[in-house]
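Per-entry structural report
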Amino acid sequence: MDFWSSNLYDERHSFVSNLGEGVLCLLSPKEGERILDVGCGTGDLANEIDKMGANITGVDRSANMIQEAQNKYSNLHFQAMDVYDMDVYDMEFHNEFDAVFSNATLHWVTKPKQALERLYQSLHSGGRLVVEFGGKDNVLYIRQAIQESYHQLFPTYDQLEEPWYFPSIGEYTSLMEEVGLTVSYARYFTRPTPLDGEDGLKNWIFMFAAGMLAHLNDAEKEQLVKRVEQVLKPTLYKDQQWNADYCRIQVIGYKK
């Protein structure tokens, strides 16, 4: 099921694309390069890559996101696709790209080695993988508050299963090497991230934890959010502003 709201993403979470400008600098697209944007969302960074003269293909497993990307940037090529399925599609995704780029996506990919194998296969010899995503302890305070509040409010309900994968930098670079990539750059850093408006934390939960909380009704979700806000206000709310406790990984790897 597609839990992604392209409207909420663009209206309240544009920081995802805005903060992707750092990893875009690492990518440094060149005129005429063929670049694959994995987890392209609603297409904003794909559009920036296109402006730099590269030939961009954007893929995302959310059909809602792809539809919005195509509506916004009709001149670009987007396709709804799960990264795990890239090997069963046509030769468009085999030894084809100068670079694979991904921002704020690979922490949703819970079979990382399988995904890295697909991305490796999509690169031609000498091609590069340039990505940023959530690393170890990413949004740890938010995740803990959701879990604790959920258990307190709904003690008889099933356990919450988080949909994310937040590895250490050593864990992920080791996987890159296992699939054949040569790691040339790796960085782990904290980045407290302002959330938009008084309802910033609520909107974050409704956007990024939608699938995890899909079994709750609307009243239960509101009850949960209020409890989470109470728990986190002393820690993550300062000067009328919610800040998410982000921790990120940036890596570059080359296919020989």
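Heads up: the structure comes first, above all this text.
Since the structure is predicted, the reported quantities are computational estimates derived from the model, not experimental observations.

Analysis parameters
- Residues numbered from 1 in each chain as written.
- Predicted model: local features only at pLDDT ≥ 70, side-chain atom pairs only at ≥ 80, totals over all residues.
- Heavy atoms only, no water.
- Helix = DSSP H or I, 4+ residues; strand = E, 2+ residues; numbered from the N terminus.
- Contact = heavy atoms within 4.5 Å.
- Disulfide = S-S within 2.5 Å.
- Buried < 20%, exposed > 50% of the residue type's maximum accessible area, 1.4 Å probe, protein only.
- Phe/Tyr/Trp six-rings, centres within 6.5 Å; stacked < 30°, edge-to-face > 60°.
- Lys NZ or Arg CZ within 6 Å of the ring centre and 35° of its normal.

**Concerning the side chain of Arg128**
Within the secondary structure, Arg128 sits in strand β5 (residues 123-134). Residue contacts for Arg128: discarding those within four places in its chain leaves Leu27, Ser28, Pro29, Glu33, Asp98, Ala99, Val100, Leu123, Gly253 and Tyr254.

**So, the state of the cysteines**
Defined simply, a disulfide is a covalent bond joining two cysteines at their sulfur atoms. On inspection of all chains with the given rule, the structure shows zero disulfides. Left without a disulfide partner, Cys25 is nearest to the cysteine sulfur of Cys40, which lies 20 Å away. Note on Cys25: relative accessible area 62%, which makes it exposed.

**Describing the packing of aromatic side chains**
Evaluated as defined, the whole model comprises eleven aromatic pairs. Measuring from ring centre to ring centre gives 4.7 Å for Phe133 and Tyr172, while their planes differ by 65 degrees; the resulting arrangement is edge-to-face. Taken as a pair, Phe133 in strand β5 and Tyr172 in helix α8 (residues 169-178) lie far apart in primary sequence, 39 residues in all. The pair formed by Phe133 and Tyr172 is uniform in burial state, with each residue classed as buried. Aromatic side chains Tyr165 and Tyr172 sit 6.5 Å apart centroid to centroid with 50 degrees between the ring planes, which places their arrangement in the tilted category. Put simply, the rings of Trp108, Trp164, Phe166, Trp204 and Phe208 touch in pairs and so form one group of aromatic residues. In this structure, Arg34 packs its charged tip against the face of Phe97, placed 4.7 Å from the ring centre.

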